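# Close look at the chain arrangement
Each chain is listed here by its residues.
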Amino acid sequence: MLSTLIVDGKWQKPFRWPADLNHLWEEILEIEVGGEGPDILIWSRANSGKISYNFAWHEVRAESEAMSWTKELWHPIQPPRMSFLCWQAALNKLPTLHRLKKWSQIQSDLCPLCGVEDETTDHLFLHCSYSDFVWASISVKSSKTLEVTWIPPLESWLKVNSDGYKSEDRFAFGALVRDHSGDCL
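A few points on the structure. What you see is a predicted model; the values in this text were computed from it and never measured. (Residues numbered from 1 in each chain as written. Predicted model: local features only at pLDDT ≥ 70, side-chain atom pairs only at ≥ 80, totals over all residues. Heavy atoms only, no water.)

## Here we look at unusual backbone geometry
Put simply, the rule reads: A run of H or I in DSSP becomes a helix once it reaches four residues, and a run of E becomes a strand once it reaches two; helices and strands are each numbered from the N terminus.
Here Asn92, not a glycine, exhibits a phi torsion of approximately 55 degrees, which is positive. Tracing the sequence through the fold places Asn92 in the loop between helix 4 (80-90) and helix 5 (97-103). Look at Ser156: it is not a glycine, yet its phi comes out positive at around 75 degrees. In this fold, Ser156 is placed in the loop between strand 4 (146-148) and strand 5 (159-166).

## Thoughts on a nonpolar patch on the surface
We apply this condition: Note that patches include only residues with greater than 30% relative accessible area and no salt bridge, and the join distances are 9 Å for like charges and 5 Å for nonpolar side chains (Val, Leu, Ile, Met, Phe, Trp, Tyr). Reported accessibility uses the Shrake-Rupley method at a 1.4 Å probe radius. Residues are deemed covered only where the shown protein chains occlude them. When a carboxyl oxygen of Asp or Glu is within 4 Å of a side-chain nitrogen of Lys or Arg, the pair counts as a salt bridge.
Judged by side-chain polarity, Trp74, Phe84, Trp87 and Leu91 come together as a nonpolar surface patch covering roughly 380 Å² of accessible area. Mapped onto the fold, Leu91 is located in the loop between helix 4 and helix 5.

## Some words on the side chain of Glu119
To be explicit about the condition: Burial status follows relative accessibility: with a 1.4 Å probe on protein chains alone, a residue under 20% of its type maximum counts as buried, one over 50% as exposed, and anything between as partly exposed. Two residue types count as positive, namely Lys and Arg, and two as negative, namely Asp and Glu; His and chain ends fall outside the count. Here a residue-residue contact requires only that any non-hydrogen atoms of the pair lie within 4.5 Å.
On the secondary structure map, Glu119 appears in the loop between helix 5 and helix 6 (121-127). Notably, Glu119 is buried but unbridged: the nearest opposite-charge side chain belongs to Arg99, and the N-O separation is 10 Å. Sequence-distant contacts of Glu119, defined by excluding residues within four places in its chain, comprise Thr96, Leu97, His98, Asp109, Leu110, Cys111, Pro112 and Leu124.

## Quick word on the pairing of strand 5
Sheet faces and side chains relate simply in a regular strand, where the side chains alternate between the two faces. Note the cut-off: Strands were regarded as paired on the criterion that DSSP finds at least two bridges between them.
Counting buried residues in strand 5 gives zero out of eight residues, a small share hidden from the surface. Where strand 5 lies against strand 6 (residues 171-178), eight bridges are found, and the strand directions are antiparallel. Each bridged residue has a counterpart across the sheet, and for Gly164 the counterpart in strand 6 is Phe173.

Below, the structure is given as structure tokens:
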């Protein structure tokens, strides 16, 4: 404790003080010895002298301005999983094959949907011929109605469409599984 270095209100150099730290001892001697009482920790960056988790968080995190699109992205009626997916896509943090190849032993980052280019976020959502087909199949008729056309899965893949209902005393769940030719399984 610091109080062991103060005797009768004056600094007292410890018996085993390293010679290479004498310059530090000279700086300590310039500090005026305070009053009586126990030693206390004071966080000099906080006006109160006390540190809190909130204060520490704001000290260590990088400040940045809120992006204009975040209110729309994290809108209360937007399902959180969709918000999270869009957030990852906007920050280019989706686990695409291109990113996974950098982290692990994946041999190829070629897009499995079109087989033409590397699977990046931009390719997946904007440039992939399969994505073009998906976007073209969805047309907006009004702000509340979407016309959706069933898009078959790739050959050897299955597509599952599901829905559910829950009330206080009942629940129901249904699913439809189809192969690439549209046949129900």
